[in-house]
Amino acid sequence: MNVPVSDSGRKIIIFDTTLRDGEQSPGASMNFQEKMEVAQMLALLGVDVIEAGFPVASEGDFLAVKTISEKVKGPIICGLSRCREVDILRAVEAIKHAEKARVHIFLATSPIHRQYKLKMSPEQVLEHVKKSVAFTRNYCPDVEFSCEDASRTEPDFLASVVETAISAGASTINIPDTVGYAIPSQFSENIRMLINRVPNIDKAILSVHCHNDLGMAVANTLAAVEAGAGQIECTINGIGERAGNCALEEVVMAIRTRSDVFHAHTGIITEKLLAASRLVSGITGLEIPRNKAIVGRNAFAHESGIHQDGMLKNPTTYEIMRPEQVGFVTTDLVLGKHSGRAGLSQRVRKLGYSLTETQMDTLFQAFKSLADRKKEIYNGDIRTLVQQVLRRDVTRQLWTLEDYSCVSGTGKDSTITLSLRLGDAPAVTRKFTAGEGPIDTAFVAICEMTGYDMVCCEYRVHSVTIGHDAQGEVNVAVKYQDKEYRGNAVSTDCIESSIRAFIDAANRILCDI
Ligand code: KIV
Ligand code: ZN
């Protein structure tokens, strides 16, 4: 029965780990400025906790966690740490200026990890948990403890670890399915077992953190919520180690749409889900599949005649959620060159973005220039422009494309003339000729001009919206000194978007060295 029931029940805490576990996705690393953008977006989205990084992992991680702690207001800012004093102190140092701060420490508890990784007996693990939680509590009152690989841990031992961590002062206990091994019935049984067996369980919030190796991260998380878990760890678009983590947008919309089952709610402003999803996808270059639940382009598209007929008669015939609840704007009223700044600004807000006046000025200029080349401007175009404007702040002192021209043809060498500017320096113009077509020639030219000997390992192009004048989005991945960097860009001209995408990748290298 699909009858919306108004039963908002208990509040489930949303702990977002896009900037920590999400950033561990192969190829998804973000630079400092990008992490700041994501953190600001997560705060606007209404997440309760932002896991901002793993401060001891690198100077870059430390700086990002520290700056997010200082600048991002609203959510609790959390830093991850192993159960080692040096690591814990580094995390404490990074989060100490947050309005609300948390340190999240973890130790593996499963027999496999105890034997092969830690080489510790169960007694030693218990002792180490006790010591590490108590040590962290001396510096931070909000301590979360994770039993890494909990889903493969013996239930009796797991219960003892949880009891020990709570006695030592942890106020959140996280039960990760680290390797994505759990299935919903077993995972919810684990949660019930802990609630029934651990004597001091009422002194802590029980959290879950599910990986998606068997495609069950969201299902396992929801099963745990039904069993009584109070915090969900998740990432935007489900990005994360290997097959990823529980997808925030899916779990949140499941709780909202089936509040009759879960008797719970979250603090997420669901209308901003699409904007958050597109931002993370744009920054990481990890594309959202068209059929992805909630935020995929097809998530609310009805193709079959029978479905369309039903939808016209009453949308609830084939829709369990309204597209606008997740940020799809129903009236995709096309904007064009006669649209004004006020109309554009209203549409930008409707799409879930909050821009400063200066960013809005830049966006309006970009919108006008696009409108000169493209008759009809859709929401997809506007989202892309907004992301470019947000990224422009990132690339201010970096390489930019001033101008290009290209001569190419079947069986002929391609010649490209490229004008690039580094920061505020005067533009430099050079001409290159190569035999593998204009995109390859552009790539060779950018390697030469930036001085980075990059190897292109991925090149993708797709259209942002519809029509012959649709914008082409190019996503590239390049290897430089054994590290992978992504780049993306959009233009109505695919050669231009390719050039800009390679420049974007070069700028990420520049930021990293
Ligand atoms: O998957 C996992 O176990 C983790 C912990 C650090 C919480 O990411
Ligand atoms: Zn994880």
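Use the structure listed above.
Draft legend 1. Looking closely at the layout of surface pockets. Taken as a whole, the second largest pocket encloses approximately 660 Å³ of empty space. Forming the walls of the second largest pocket are 31 residues, and the residues nearest its centre are Glu 23, Ser 29, Met 30, Lys 483 and Asp 512. Listing elements by their share of the lining of the second largest pocket, those giving two or more residues are helix H1 (32–45), helix H2 (59–71), helix H11 (273–284), strand S16 (483–491) and helix H17 (494–512). When the residues that make up the lining of the second largest pocket are grouped by side-chain class, the tally is eleven nonpolar, ten polar and ten charged.

Draft legend 2. Spatial organisation of the coordination of the zinc ion (ligand 2). Protein coordination at the zinc ion (ligand 2) comes from Asp 21 (OD), His 209 (NE2) and His 211 (NE2), with a distance range of 2.0 to 2.1 Å. Within one chain, the residues donating to the zinc ion (ligand 2) are spaced in sequence as D-x187-H-x1-H. Under the relative-accessibility criterion, His 209 is labelled buried at 5%.

Draft legend 3. Representation of the packing of aromatic side chains in the model. The final tally for this structure, using the stated rule, is seven aromatic pairs. A ring pair is formed by Phe 364 and Phe 367, whose centres lie 6.2 Å apart and whose planes are at 15 degrees; its orientation type is stacked. One end of the pair, Phe 364, and the other, Phe 367, are both in helix H14 (residues 357–373), three residues apart, so they sit about a helical turn from each other. The exposure class of Phe 367 is buried, given its relative accessible area of 0%. An aromatic cluster is defined as three or more aromatic residues linked by ring pairs; in this entry it consists of Phe 443, Tyr 459 and Phe 502. The ring of Phe 157 has Arg 114 sitting right over it, with the charged end atom 4.6 Å from the ring centre.

Draft legend 4. The arrangement of the site of ligand 1 in detail. Neighbouring ligand 1 are Arg 20, Asp 21, His 104, Phe 106, Ser 146, Glu 148, Asn 174, Pro 176, Thr 178, His 209 and His 211. Contact distances for ligand 1 include 3.0 Å between an oxygen atom and a side-chain N or O atom of His 211. A total of 260 Å² of accessible area belongs to ligand 1 in isolation, and the protein chains cover 94% of it. Mapped by element, the contributors of at least two residues to the shell around ligand 1 are strand S5 (101–108), strand S6 (143–148) and strand S7 (172–177). Along the lines of polarity and charge, the residues of the shell around ligand 1 split into two nonpolar, six polar and three charged.

Draft legend 5. View of the packing of H2 against helix H3 (residues 85–95). Where H2 contacts H3, the two axes come as close as 7 Å, and the packing angle between them is 40 degrees. In terms of their interaxial angle, H2 and H3 are classed as oblique. From H2, Glu 59, Phe 62, Val 65, Lys 66 and Ser 69 reach across to H3, where they touch Arg 90, Glu 93, Ala 94 and Ile 95. Considered class by class, the residues forming the contact of H2 with H3 number four nonpolar, one polar and four charged.

Criteria and cut-off values
Residues numbered from 1 in each chain as written. Chains lettered and ligands numbered in written order. Predicted model: local features only at pLDDT ≥ 70, side-chain atom pairs only at ≥ 80, totals over all residues. Heavy atoms only, no water. 1 Å grid on protein atoms, 1.4 Å probe; cavity = no way out; pocket = protein on both sides within 12 Å on 5 of 7 lines; lining within 4 Å. Points joined across faces, edges and corners; volume = space filled by probe spheres on them. Helix = DSSP H or I, 4+ residues; strand = E, 2+ residues; numbered from the N terminus. Nonpolar A, V, L, I, M, F, W, Y, C, P; charged D, E, K, R; others polar. Donors = N, O, S within 2.8 Å, 3.2 Å for Na, K, Ca; no water. Buried < 20%, exposed > 50% of the residue type's maximum accessible area, 1.4 Å probe, protein only. Phe/Tyr/Trp six-rings, centres within 6.5 Å; stacked < 30°, edge-to-face > 60°. Lys NZ or Arg CZ within 6 Å of the ring centre and 35° of its normal. Near = heavy atom within 4 Å. Polar contact = N/O pair within 3.5 Å; in protein donor to acceptor, adjacent residues only side chain to side chain. Areas by Shrake-Rupley, 256 points an atom, 1.4 Å probe, with all protein chains shown as cover. Axes fitted to C-alpha atoms, helices over the stretch in contact; angles between N-to-C directions. Parallel < 35°, antiparallel > 145°, perpendicular 65-115°, else oblique. Contact = heavy atoms within 4.5 Å.

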